[in-house]
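Spelled out from the first residue to the last, the chains are:
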Number of protein chains: 2
Amino acid sequence: MQTILSPEIITALEAIVTPNYIFLDEETRAHYGHDETEDYSFPPSVVIKPGTVGEVSAIMKLANVYKIPVVPIGARTGLSGGALSIYGGIGLSMERFTNLEIDEKNLQAIMGPAVITQVLREAAFEKGLFYPPDPSSQGSCTIGGNVAENSGGARAVKYGVTKDYVLNLEVVLPNGDVIWTGANTLKNSTGYNLTQLMVGSEGTLGIITTIVMKLLPKNSHNILMLIPFFKSEQACQAVAEIFRAGIVPSALEFMERDAIDWGLKYLDNVNLDIKDEVQAHLLVEVDGNYPDVLFAEAEKIMAAVEHFDIDEILFADTEDQKNALWKLRRTVAEAVKSNSVYKEEDTVVPRYELPVLLAGIKTIGKKYGFHTVCYGHAGDGNLHVNIIKGDMTDENWKTEVPKGIREIFELTVSLKGTLSGEHGIGYVQKNYMDIAFGTTHLLLMKGIKQLFDPNNILNPGKILPDII
Amino acid sequence: MQTILSPEIITALEAIVTPNYIFLDEETRAHYGHDETEDYSFPPSVVIKPGTVGEVSAIMKLANVYKIPVVPIGARTGLSGGALSIYGGIGLSMERFTNLEIDEKNLQAIMGPAVITQVLREAAFEKGLFYPPDPSSQGSCTIGGNVAENSGGARAVKYGVTKDYVLNLEVVLPNGDVIWTGANTLKNSTGYNLTQLMVGSEGTLGIITTIVMKLLPKNSHNILMLIPFFKSEQACQAVAEIFRAGIVPSALEFMERDAIDWGLKYLDNVNLDIKDEVQAHLLVEVDGNYPDVLFAEAEKIMAAVEHFDIDEILFADTEDQKNALWKLRRTVAEAVKSNSVYKEEDTVVPRYELPVLLAGIKTIGKKYGFHTVCYGHAGDGNLHVNIIKGDMTDENWKTEVPKGIREIFELTVSLKGTLSGEHGIGYVQKNYMDIAFGTTHLLLMKGIKQLFDPNNILNPGKILPDII
């Protein structure tokens, strides 16, 4: 691979994209060299911001001939290092692909990958429509990144994840060819599902240039409640109980005490009076168009949790209170990050196994000497595990923590779960892939990569373990 | 490929599966040599009914060494010829894989591929749970076939198709290796999505031996109404209007007059009084747990359609009436089949384009001299087009109809739709694939097939066109 680009290649790139969208300066390269994954920094050799599919295609053709690594870059909010240019080369920022069309007649959105998730949500909402996936970073992450990582969010428990909304993708392949993966239809049984193969492939198989999503009619009402539990594991147990009561909440979030405390410390304008003995909270939302139904569902939820050891349930009465609770939930990752060096794992298990997972993580943490702060989308069985460096020695952080992470993933897989629910594997989790998959499986994945990208130029060194 | 099996191979097979599950007689082979696709008959050279994953694996290892075609066979209700042994070889009937477990704690079902779809639906229902996909053949088709073809059904409009429920698959690969494609989790961003690659791959990439599906809490109520339209195209137009009124019906079915008349003639015990001038019907269902909400939604639907030229809406008051209407809808295909030689196409377009598609199909039919009966899942933009031979000459049936079908598909694709919404491509549609996909795309599909099945032994001659 050519990781440092010759002047001839830069000249060839300038013939494709006007030079004011090509950046060689250190500051720009450094800026595009990191995402939200720990403190990694892998600057590309050059940052290019193409404006058309034709330009992306021409860049890929060139890169394929000269075997230059190309890393598609979105908003760099990723948590698995998917956008890091670990081998240098071309950092292909897709930020100019911001076109967005809401097709009200077909309840679809057609857009470029650089549309901010919240912008899509608001544009849909204005037309009476609803795009449910809402990653915590929705205010800054892009739809292209969401598709690449198959992002989830709080509403996934009722409405599914990004993959459940993608109907069709325009993709530039590593050799520069352009295809549409499917059709703009709700159903499709026409050949192998390349759309779903592309979703979650973390920019390793092709560069997404247009995305067609389905939308739903919007809901007009919701009820949000915060349930304090005196025992963390009971909060996890209550999750399954709520579903067994016949309720599908539109959000069902779990936060350990630490998570909420750190969040509260981080935010100035959110106050909550929490008893010292409270170990965890569930944040539960139901949504729909009929307030009476929502009250009835809220009552069912209360009945489902009342036999647990809980404190008084807080109902968010106003939009401001709702926003404050959501802000608190969404700030946890940032708050944890501001406190300490950390690593975040994205474990996911069948919902009922959540209490076992939580208890296991604590035991493993004790064994290897690290503290964890856990929170996440409990309704999906998706628990984010923040491993805090705190006052751990650098030596132990380097040697003990990876062992602990491996054990956490082994536990996850033994519970019929897997490594990542919504963050992707990217750079930081790839060498744990052997826990989830045997050699046969990994070789199939590698074969798919080779089929799409025989020269291994597109986001190399991601997803697949270094040794298969 | 070895299409006629030597005595040595039969002996080797008898060492894997006890001989009473191996059938060489003409009657059994003929029985397993057809599905519900037109009147095709392609008997396998031998029918084998393995009982364990180990047996399937051993059969595949043998077949891979001797390059014997293997066709996985379910309930043979398919409409695209996916289960036809077009090159002879081993017909691998999965009918002994009937194990079914409902995991109430995780709202999941774990089962073998031979579970009848309705059996799963009823087993879930008994536990207060709901498996929504309901192909018209639900009483006889199997979950394995549903996964292989990514089947839909009437409820797909609200609840999605088979692919939206598959969490994890145990698969025997063509070389005999066994993998699980994913995890038993609601979310998964861990490597390429082999689960979704397997769904809809029509038995060409692997043999599915266990299926893990997610389930929903069941609904307790529904309202079903039949809306008669004096103009077919207005019925199609009304479909989009209903969604734009903010309603997501649990079913939204379209039936042309011919479809309903043939259905009524075919069924003895269903009577409907329909005015001569009525050209089409919409069958609309809403479901949920709160009758008041359903009444409110039914009223919104009535308001959305009242400005069209419609006759009086019929509400099904009793369970018997509901069953009769559903029976009528589900019988249409059989009724058409009983009347004439026919071909069925499974066109799908963005919902709003349905009136354009319907009008286009009629024009194309006139041009090539054939009559069509159209019906299907209008809420999904999925229109089944039954092309009736009637008194057409054999010559025209052979030469003109394929031209007409090609034009219908070209129209479908020009409307951003595709060839098949829920029936699959299989044997009968494969040589139309060039309409939906360019060479680059088809070569990627071919590459995936070669990666999984380098000897092309697993269900050869399906999905991919004869010439790429």
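Check the entry above for the structure.
In this report, we go over the structure that sits alongside the text. (Residues numbered from 1 in each chain as written. Chains lettered and ligands numbered in written order. Predicted model: local features only at pLDDT ≥ 70, side-chain atom pairs only at ≥ 80, totals over all residues. Heavy atoms only, no water.)

## Topic: the overall build of chain A
Helix and strand content of chain A: 15 helices and 18 strands. Taking 23 Å as the expected radius of gyration for a compact globule of 468 residues, we find that chain A reaches 22 Å, a close match to that expectation. By principal-axis analysis of the C-alpha atoms, chain A measures approximately 70 × 60 × 45 Å. Among the 468 residues that make up chain A, the fraction classed as buried is 63%. Within the structure as shown, chain A displays about 16700 Å² of accessible surface, and the carbon and sulfur contribution to it stands at 49%. Side-chain charges in chain A split into 40 positive and 60 negative, and the spacing between the mean points of these groups amounts to 4 Å. (Helix = DSSP H or I, 4+ residues; strand = E, 2+ residues; numbered from the N terminus. Rg over C-alpha atoms; globule rule 2.2 N^0.38 Å. Buried < 20%, exposed > 50% of the residue type's maximum accessible area, 1.4 Å probe, protein only. Areas by Shrake-Rupley, 256 points an atom, 1.4 Å probe, with all protein chains shown as cover. Lys, Arg positive; Asp, Glu negative; His and termini not counted. Charge placed at Lys NZ, Arg CZ, Asp CG, Glu CD.)

## Quick word on the sheet that holds strand β3 (residues 70-73) of chain B
Backbone-to-backbone hydrogen bonds pair the strands of a sheet. The strands run either parallel or antiparallel. Residue and element names in this part refer to chain B. Taking strand neighbours across the sheet as the criterion, the 4 strands line up as β1-β2-β4-β3 in an open arrangement whose pairing is mixed. The open sheet is flanked by β1 (22-23) and β3, the only strands paired with a single partner. As paired elements, β1 and strand β2 (residues 46-48) share 2 bridges and run antiparallel to each other. Pairing of F23 across the sheet is with V47, part of β2. Along the sheet, helix α1 (residues 7-14) contacts β1, β2 and β4 (90-93); its crossing angle with β2, the most-contacted strand, is approximately 10°. Strands β2, β3 and β4 of the sheet are contacted by helix α3 (residues 53-66), whose axis makes an angle of about 165° with β4. (Pairing = 2+ DSSP bridges. Contact = heavy atoms within 4.5 Å. Axes fitted to C-alpha atoms, helices over the stretch in contact; angles between N-to-C directions.)

## Let's talk about the sheet that holds strand β9 (residues 178-180) of chain B
Residue and element names in this part refer to chain B. Pairing in this open sheet of 5 strands is antiparallel, and the strands run β5-β6-β10-β8-β9 from one edge to the other. The sheet terminates laterally at β5 (100-103) and β9, the two strands that pair on one side only. Mean inter-strand twist for the sheet, computed between neighbouring axes without regard to direction, equals 15°. As paired strands, strand β8 (residues 166-172) and strand β10 (residues 207-214) are joined by 6 bridges and run antiparallel to one another. Residue V171 lies in a different strand from β10, and its bridge partner there is I208.

## What about the environment of B:I313?
All names here are of chain B. Inspection of the secondary structure assignment puts I313 in the loop between α10 (291-305) and β15 (314-315). Residue classification places I313 among the buried positions, given a relative accessible area of 17%. Separated by 86 residues in sequence, I313 and I227 place their C-alpha atoms 4.8 Å apart. The contacts of I313, once residues within four sequence positions are left out, are M225, L226, I227, P228, M302 and V305.

## Observations regarding the packing of helix α12 (residues 354-368) of chain A against helix α13 (residues 394-414) of chain A
Residues and elements named next belong to chain A. Remark: α12 packs on α13, axes separated minimally by 10 Å, with the N-to-C direction vectors making an angle of 160°. Comparing their axes, α13 and α12 come out roughly antiparallel. In terms of crossing hand, the pair formed by α12 and α13 is right-handed. Of the residues in α13, those in contact with V356, L357, G360, I361, I364, K367 and Y368 of α12 are E400, K403, G404, E407, I408, L411 and T412. Taken together, the residues of the contact of α12 with α13 break down into 7 nonpolar, 3 polar and 4 charged. (Parallel < 35°, antiparallel > 145°, perpendicular 65-115°, else oblique. Left-handed = near helix turned anticlockwise from the far one by under 90°. Nonpolar A, V, L, I, M, F, W, Y, C, P; charged D, E, K, R; others polar.)

## Some words on empty space enclosed by the protein
Residues and elements named next belong to chain B. Throughout the structure, instances matching the rule amount to 5 cavities of 30 Å³ or more. Of the volumes computed, that of the second largest cavity is approximately 50 Å³. Considering the residues around the second largest cavity, the lining is formed by E36, T37, E38, L79, Y342, K343, E344, E345, V428 and Q429. The residue makeup of the lining of the second largest cavity, split by class, is 3 nonpolar, 2 polar and 5 charged. (1 Å grid on protein atoms, 1.4 Å probe; cavity = no way out; pocket = protein on both sides within 12 Å on 5 of 7 lines; lining within 4 Å. Points joined across faces, edges and corners; volume = space filled by probe spheres on them.)

## A short note on the nonpolar core
Looking at soluble globular proteins, one finds that nonpolar side chains tend to be buried together. By size, the foremost hydrophobic cluster in this structure holds 180 residues, and its most contacted members are A:F254, A:L282, B:F254 and B:L282. With residues near it in sequence (within four places) discarded, B:L282 still touches B:M225, B:L226, B:I227, B:F229, B:A235, B:A238, B:V239, B:I242, B:L252, B:E253 and B:F254. (Core = buried A, V, L, I, M, F, W, Y, C linked by side-chain atoms within 4.5 Å.)

## As for the interface of chain A and chain B
Each partner contributes to the interface: chain A provides 81 residues, whereas chain B provides 81 residues. The largest contributions to the chain A side of the interface with chain B come from A:K187, A:S189 and A:Y192, which together make up 15% of the buried area. For the interface between chain A and chain B, the tally reads 4 salt bridges. Between A:D380 and B:K187 there is a salt bridge, and its shortest N-O distance comes to 3.0 Å. The interface formed by chain A and chain B holds 34 residue pairs in polar contact (both at pLDDT 80 or more) in total. Residue assignment for the side of chain A that touches chain B shows that the elements contributing at least two residues are β9 (178-180), α7 (194-198), α8 (232-244), α10 (291-305) and α15 (439-452) of chain A. Ranked by the residues each element gives to the side of chain A that touches chain B, the list is headed by α15(A), at 9 residues. Looking at the side of chain A that touches chain B, its residues break down into 34 nonpolar, 30 polar and 17 charged. (Buried area = accessible area lost by both parts, 1.4 Å probe. Salt bridge = Lys/Arg side-chain N within 4 Å of Asp/Glu carboxyl O. Polar contact = N/O pair within 3.5 Å; in protein donor to acceptor, adjacent residues only side chain to side chain.)

## So, the packing of aromatic side chains
Residue and element names in this part refer to chain A. All chains considered together, the criterion is met by 14 aromatic pairs over all chains. Through successive ring pairs, a cluster of aromatic residues spans Y40, F42 and Y427. Over the face of the ring belonging to F243 we find R351, whose NZ or CZ atom lies 3.4 Å from the ring centre. (Phe/Tyr/Trp six-rings, centres within 6.5 Å; stacked < 30°, edge-to-face > 60°. Lys NZ or Arg CZ within 6 Å of the ring centre and 35° of its normal.)

## Some details on the pattern of salt bridges
Close approach of charged atoms lets side chains of opposite charge pair. Residues and elements named next belong to chain B. By the definition in use, this model includes 46 salt bridges over all chains. A salt bridge links K367 to E407; the shortest N-O distance between them is 2.6 Å. Of this pair, K367 sits in helix α12 (residues 354-368) while E407 sits in helix α13 (residues 394-414), and the two are 40 residues apart along the sequence.

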